[in-house]
Amino acid sequence: SATYVTGGGGYTLNKAALKMLVASFPNCAPHDVTSVEDVLVTQCLQKEGIEPYRTTDETGAERYNHVSPEMDFNYDPEKNPLFWYSYFSGNKNIGPE
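Residues numbered from 1 in each chain as written. Predicted model: local features only at pLDDT ≥ 70, side-chain atom pairs only at ≥ 80, totals over all residues. Heavy atoms only, no water.

**Describing helix H2 (residues 37-47)**
Step number 1: Within the sequence span of H2, burial applies to Asp-38, Leu-40, Val-41, Thr-42, Cys-44 and Leu-45.
Step number 2: Among the residues trailing H2, Gly-49 stands out with phi positive, at a value near 85°. (Buried < 20%, exposed > 50% of the residue type's maximum accessible area, 1.4 Å probe, protein only. Helix = DSSP H or I, 4+ residues; strand = E, 2+ residues; numbered from the N terminus.)

Here it is as C-alpha cells:
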C-alpha cells in the first residue's frame, strides 16, 4: 500500500487496532533498527490485516501535520520534486492561496 501512518503528526488507532499492533511487535520485525518507525508500524498493521487510509479533509488538506507549518505553507513541489513530501502528500492546498 502506498498509504502509511505518518509518525510526525501522530497516529489515531482504535483500542482493538492498538491491542493488535502491540501484540504483533514480537513477530513483526523485532530486530529492526530504523528511524522510519511510521513505515514499520504500517507494515505491522498490514500484516495483521489493518490497512491505513488517507485522512485528508474534504478539500484535500492534511489533517495530521507531520511537517512544520512553515514547510507546509511554503513548500513548492515544482521547485523540489524529489523531496519525500512530494511523494507522500496529496495536499494541493499548499501555499498562500
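Read on for the rest.
**Comments concerning the nonpolar core**
Step number 1: In terms of nonpolar packing, the biggest core is built from 5 residues, these being Leu-21, Cys-28, Val-41, Cys-44 and Leu-45.
Step number 2: For this core, the element with the highest residue contribution is H2, accounting for 3 residues. (Core = buried A, V, L, I, M, F, W, Y, C linked by side-chain atoms within 4.5 Å.)

**Points about the state of the cysteines**
Step number 1: Applying the stated criterion across every chain yields a total of 1 disulfide.
Step number 2: Linked covalently through their sulfurs, Cys-28 and Cys-44 form a disulfide whose S-S length is 2.1 Å. Its torsion about the S-S bond being -100°, the disulfide of Cys-28 and Cys-44 is classed as left-handed. Pair noted here: Cys-28 is in the loop between helix H1 (15-24) and H2 and Cys-44 is in helix H2, with a separation of 16 residues, a long-range link.
Step number 3: On the accessibility criterion, Cys-44 (1% relative accessible area) is buried. (Disulfide = S-S within 2.5 Å.)

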